[in-house]
Amino acid sequence: MKKITLLFAVLAISLASGQTMQDSITFDPQKQLNAAQRLLSGNYGKAVTVGAYGELTYNQPEGQNGELDVQRLVVLFGYKFDDKTQFVTELEFEHVEEIFVEQAFVNYAIGSNVSLRGGLMLVPMGIINEFHEPTTFNGVERPAMDNVIVPTTWREIGVGVTGRFNDLSLGYQAYIFNGFKSTSSDGADGLSGYLSGSSGLRGGRQKAIKSTIDSPTLSVKFDYYGIPGLRLGLSAYTGKTQAADDIEELDGANIGTTMFGLDARYAYQRFTARGQFVYASLNDTEAYNLATGKDLGSALQGYYLEGAYNLLSQEKRQRLFAFLRYEQYDTHADTAGGLMRNDAYNRTDITTGLSYHIAPGVVLKGDYQFRDNALSGDQVNDRLNFGVGVWF
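Predicted model, so just to flag it, every value in this text is computed and none were measured.

Participant: Would you explain the nonpolar core in this entry?
Facilitator: Soluble, globular proteins show a tendency: their nonpolar side chains are buried together. Membership of the largest hydrophobic core comes to 38 residues, with the highest contact counts inside it found for Leu76, Trp154, Leu201, Tyr237 and Met259. If you list the elements that add at least two residues to this core, you get helix H2 (35-40), strand E2 (67-80), helix H3 (145-148), strand E7 (170-177), strand E14 (271-283) and strand E15 (299-310). Considering each element in turn, this core owes the most residues, four residues, to H2.

This is how it looks when you write it as structure tokens:
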């Protein structure tokens, strides 16, 4: 409780300090673009566009050896066929040994404010899943709830429409995707499961790797930008998970998934803030756990609040943000069928540190994380982090 009180006190002080400054807004969440949006925006004025983002990290858990890692390097390519038709792809190299296609889709502009899209795309849920380039968020590591609940980077194959209603200051996205992969045959008349209490939905991402589908899922998001400096998001996702053809009718092979998300980003002069809440309800988890031996919860829930303040003058090209983030997430927010809740999955992280933008597109980061869970007697190691991020 003392930690929560401290957090809100710091946020209140930061907000009050920010509102007394006479500098202009340096960051506008209403105008922020992610990598794919920048390629599509046409600012480059070329048929072929190339970019990249990447991050090198150092993590030092208390009492353990530190780890250095080129966590990811993503190469971006875009091609403009004509004024209406474009192609965007992102190739990701993770930990210097794994290669993934993160995005690969065609965008066809029906009109100035509406486009059709098809291919491998990001599922629009929350903030980080769409805006995960290292210069767009504070902290060396992404918020933990965006790993196990959302889970970032969440992308699947689908088709849909995106655009905006300018008169309402409202952007929208609506897609049909394949769902999470829940089970496969273990070769011994049983089922292997990909979803669990510890990692939530993360293990079910198919990522366009020979994805299976027996029923489509629906994903929608609305973004409101009618108030200066503020951007509000409402996300929803619903459908069933996917199983291999030979087992999809077995009891426990598939589960129903419904997820809702609320997010907000705000900027005023030197002060910025963001927050996010995500809730996921899962059906038929009792049968799934019996069939696979997993401990998947029937509800997952998480949220975070973050405040940051630029310590440098607005006249400077560089920015130095001091930030504080409070995060709580639980992959056993509820359980079904007599499954006991595991308090180790009820986590709280408090992260504080600095983000030093030495030039547009280059950031140096350092932070310390106070990490804990609700399990009596268990101790999650606190962690010191440093990182370098680039995006161009």
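Participant: I would appreciate a short explanation of the environment of tyrosine 279 in the present structure.
Facilitator: When you line up the elements, tyrosine 279 lands in strand E14. Between the alpha carbons of tyrosine 279 and tyrosine 309 there is a distance of 29 Å; along the sequence they are 30 residues apart. When near neighbours in sequence (up to four residues on either side) are disregarded, tyrosine 279 contacts Thr258, Met259, Phe260, Ala299, Leu300 and Gln301.

Participant: Honestly, the side chain of serine 115 in this entry has me stumped. Any pointers?
Facilitator: Its place among the elements puts serine 115 in strand E5 (residues 114-122). With sequence-adjacent residues up to four places away left out, serine 115 is seen in contact with Asn107, Tyr108, Ala109, Ile110, Gly160, Val161 and Thr162.

Participant: What exactly am I supposed to notice about a negative patch on the surface here?
Facilitator: A contiguous patch of negative charge, built from Asp214, Asp245, Asp246 and Glu249, is present on the exposed surface. Structurally, the position occupied by aspartate 214 is in the loop between strand E9 (191-193) and strand E10 (217-224).

Participant: Would you mind going over helix H4 (residues 285-292) with me for this structure?
Facilitator: At 3.6 residues per turn, the α-helix brings residues three or four places apart onto the same side. Those residues of H4 that fall on the buried side of the exposure criterion are Thr285, Ala287, Tyr288, Asn289 and Thr292. Residues of H4 that are buried in the fold lie against strand E8 (181-185), E9 and E14. Glycine 293 occupies a position one or two residues after H4 and carries a positive phi of about 75 degrees.

Participant: What's the story with the pairing of strand E3 (residues 85-94) in this structure? I'm lost.
Facilitator: Residues in a regular strand project their side chains so that they alternate between the two faces of the sheet. Most of E3 sits inside the fold, with seven of its 10 residues counted as buried. Pairing between E2 and E3: nine bridges, direction antiparallel. When the bridges of E3 are listed, valine 75 appears paired with leucine 91. Two successive antiparallel strands, E2 and E3, enclose a turn made up of four residues. Pairing geometry for E3 and strand E4 (residues 98-111), over 10 bridges, is antiparallel. The partner of leucine 91 across the bridge, within E4, is valine 101. Between the end of E3 and the start of E4, which pair antiparallel, lie three residues, with histidine 95 showing a positive phi angle near 55 degrees.

Participant: Looking at this structure, I do not really get the packing of aromatic side chains. What am I missing?
Facilitator: The geometry of an aromatic ring pair comes down to the distance between the two centres and the angle between the two planes. Here the structure, examined in full by the defined rule, presents eight aromatic pairs. Grouping aromatic residues by their ring pairs yields a cluster made of Trp154, Phe180 and Tyr237. Looking at arginine 38, its charged tip hangs above the ring of tryptophan 391, at a distance of 4.3 Å from the centre.

Participant: Looking at this structure, how should I read the sheet that holds E8?
Facilitator: By way of backbone hydrogen bonds, the strands of a sheet pair with one another, either parallel or antiparallel. As summarised here, the arrangement of the three strands in space is E9-E8-E12, forming an open sheet in which the pairing is mixed. A single partner strand is all that each edge strand has here, and the edge strands are E9 and strand E12 (242-243). Sheet topology places E8 next to E9; three bridges connect them, and they run antiparallel. Across the sheet, serine 184 pairs through a bridge with serine 192, a residue of E9. Its contacts with the sheet place H4 against E8 and E9, and it is angled at close to 115 degrees to E9.

Participant: Would you explain unusual backbone geometry in this entry?
Facilitator: Glycine aside, a negative phi is what most residues show, and trans is what most peptide bonds show. Omega for the bond connecting valine 150 with proline 151 falls within 30 degrees of zero, at -20 degrees, which places this linkage in the cis form. With respect to the helices and strands, the residue proline 151 is situated in the loop between H3 and strand E6 (155-165). Between threonine 152 and threonine 153 the backbone carries a cis peptide bond, its omega angle lying at -10 degrees. Residue placement: threonine 153 occurs in the loop between H3 and E6. At histidine 95, a position not held by glycine, the phi torsion is positive, near 55 degrees. Its location among the elements puts histidine 95 in the loop between E3 and E4. Taking relative accessible area as the criterion, histidine 95 reaches 32% and is therefore assigned partly exposed. If you check the backbone angles, aspartate 284 has positive phi at about 65 degrees while not being a glycine. Residue placement: aspartate 284 occurs in the loop between E14 and H4.

Rules used throughout
- Residues numbered from 1 in each chain as written.
- Predicted model: local features only at pLDDT ≥ 70, side-chain atom pairs only at ≥ 80, totals over all residues.
- Heavy atoms only, no water.
- Core = buried A, V, L, I, M, F, W, Y, C linked by side-chain atoms within 4.5 Å.
- Buried < 20%, exposed > 50% of the residue type's maximum accessible area, 1.4 Å probe, protein only.
- Helix = DSSP H or I, 4+ residues; strand = E, 2+ residues; numbered from the N terminus.
- Contact = heavy atoms within 4.5 Å.
- Patch = residues over 30% accessible without salt bridge, like charges linked within 9 Å, V, L, I, M, F, W, Y side chains within 5 Å.
- Areas by Shrake-Rupley, 256 points an atom, 1.4 Å probe, with all protein chains shown as cover.
- Salt bridge = Lys/Arg side-chain N within 4 Å of Asp/Glu carboxyl O.
- Lys, Arg positive; Asp, Glu negative; His and termini not counted.
- Charge placed at Lys NZ, Arg CZ, Asp CG, Glu CD.
- Pairing = 2+ DSSP bridges.
- Phe/Tyr/Trp six-rings, centres within 6.5 Å; stacked < 30°, edge-to-face > 60°.
- Lys NZ or Arg CZ within 6 Å of the ring centre and 35° of its normal.
- Axes fitted to C-alpha atoms, helices over the stretch in contact; angles between N-to-C directions.

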